[in-house]
Amino acid sequence: MNQIYSIKGQVPKIIVALDVDNFGKAKKIVDLLCPEVKIFKVGLQLFLAAGNDVIYYIKRKGAKVFLDLKFYDIPNTVGLASKEIVRLGIDMFTVHCQGGMDMLIAAKQAVEQEAKRIDRGAPLILGVTVLTSKDNKGNIKQQVLSLARQAKKARLDGIVCSAREAKTVRKKLGKNFILVTP
């Protein structure tokens, strides 16, 4: 599964999702595609199987890491986890917008504070709006747009959304709001 990443009018970049179950398989993909591919997504399965080793490997190859763990917890817990994201040198990560405004703000503030404290660039924070596999009732575009507005108000850098909602979100929230689409 590939994802498209677009920011501030730049040419879209491909993020290759390392949806594999072990470090060896992930390493082969990274070795094959790097340096042409500049961003690799590490999700729950690979992160649990390989831990930080896969993060460090991707970084040593000169690529960026998009850690897609969809943080969703109380604000304090998400804030503390977000600080660890900065310390790991992650470039982008996800939080679940349905965790609420306080949780989103806690993530953003923690990232900014920790990045400043250790003199490192802050990672991009992307909000996950609506899971496409969920049996969603009602107007999906409105749900996504509402959660995207919340993410922007919390000063997140962008959201993950399906291509079906991307045009609407882009129109309503502008070009400087990052959209990542599977």
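Residues numbered from 1 in each chain as written. Predicted model: local features only at pLDDT ≥ 70, side-chain atom pairs only at ≥ 80, totals over all residues. Heavy atoms only, no water.

Okay, the pairing of strand β2 (residues 13-17) next. For β2 and strand β3 (residues 39-43), the ladder comprises three bridges, and the chain directions are parallel. Among the inter-strand pairings, Val16 is bridged to a residue of β3, identified as Phe40. The β-α-β motif built from β2, the intervening helix α1 (residues 23-33) and the parallel element β3 has right-handed crossover chirality. (Pairing = 2+ DSSP bridges. Helix = DSSP H or I, 4+ residues; strand = E, 2+ residues; numbered from the N terminus. Right-handed = clockwise from strand over helix to strand, strands pointing away.)

Here we take up the nonpolar core. Judged by nonpolar contacts, the single largest core of 49 residues is most densely connected at Phe40, Val42, Ile58, Phe93, Val95, Ile159 and Val169. With residues near it in sequence (within four places) discarded, Phe93 still touches Phe66, Leu67, Phe71, Ser82, Ile85, Val111, Pro123, Leu124, Ile125 and Leu126. Counting 10 residues, the second-largest nonpolar core is a separate cluster that includes Ile15, Ile39, Met92 and Leu126. (Core = buried A, V, L, I, M, F, W, Y, C linked by side-chain atoms within 4.5 Å. Buried < 20%, exposed > 50% of the residue type's maximum accessible area, 1.4 Å probe, protein only. Contact = heavy atoms within 4.5 Å.)

In helix packing, the relevant descriptors are the interaxial angle and the interaxial distance, both defined with respect to the helix axes. Put simply, helix α6 (residues 140-153) and helix α7 (residues 163-173) touch, their axes get as near as 10 Å, and they point 45° apart. Relative to α7, α6 is oriented oblique. Where α6 crosses over α7, the handedness of that crossing is right-handed. Seen from α6, the contacting residues are Ile140, Lys141, Val144, Leu145, Ala148, Arg149 and Lys152; seen from α7, they are Arg164, Glu165, Thr168, Val169, Lys172 and Leu173. Grouping the amino acids of the contact of α6 with α7 by side-chain chemistry returns six nonpolar, one polar and six charged. (Axes fitted to C-alpha atoms, helices over the stretch in contact; angles between N-to-C directions. Parallel < 35°, antiparallel > 145°, perpendicular 65-115°, else oblique. Left-handed = near helix turned anticlockwise from the far one by under 90°. Nonpolar A, V, L, I, M, F, W, Y, C, P; charged D, E, K, R; others polar.)

Our next topic: the pairing of β3. In terms of burial, β3 is a largely internal element, five of the five residues being buried. The alternating pattern of β3 places Ile39, Lys41 and Gly43 on one face and Phe40 and Val42 on the opposite face, and all of these are buried. Across five bridges, the pairing between β3 and strand β4 (residues 64-71) is parallel. Bridge pairing in β4 places Lys41 opposite Phe66.

For the rest of this paragraph, the subject is the pattern of salt bridges. Applying the stated criterion across every chain yields a total of 11 salt bridges. The shortest N-O distance in the salt bridge between Lys59 and Asp91 comes to 2.8 Å. Of this pair, Lys59 sits in helix α3 (residues 52-60) while Asp91 is found in the loop between α4 (75-88) and β5 (92-96), placing the two residues 32 residues apart along the sequence. When its relative accessible area of 30% is taken as the criterion, Lys59 is described as partly exposed. Among the charged side chains, a salt-bridge network with shared partners connects Asp19, Lys41, Asp68 and Lys70. (Salt bridge = Lys/Arg side-chain N within 4 Å of Asp/Glu carboxyl O.)

What follows concerns α4. Taking 1.5 Å per residue, 14 residues should reach 20 Å; α4 reaches 20 Å between its end C-alpha atoms and fits that length. Of the positions making up α4, those classed as buried are Val78, Gly79, Ser82, Ile85, Val86 and Leu88. Where α4 is buried, its residues touch α3, β4, β5 and α5 (101-117). Looking one or two residues beyond α4, the residue adopting positive phi is Gly89, at roughly 80°. (Expected span 1.5 Å × (residues − 1).)

What follows deals with the environment of Arg87. Take Arg87: it is sitting in helix α4. As for Arg87 and Ile14, which are separated by 73 residues in sequence, their C-alpha atoms are 25 Å apart. Filtering out sequence-adjacent residues up to four positions away, Arg87 remains in contact with Glu114, Arg117, Ile118 and Arg120. A polar contact is formed between the side chain of Arg87 and the side chain of Glu84, at a distance of 2.2 Å. (Polar contact = N/O pair within 3.5 Å; in protein donor to acceptor, adjacent residues only side chain to side chain.)

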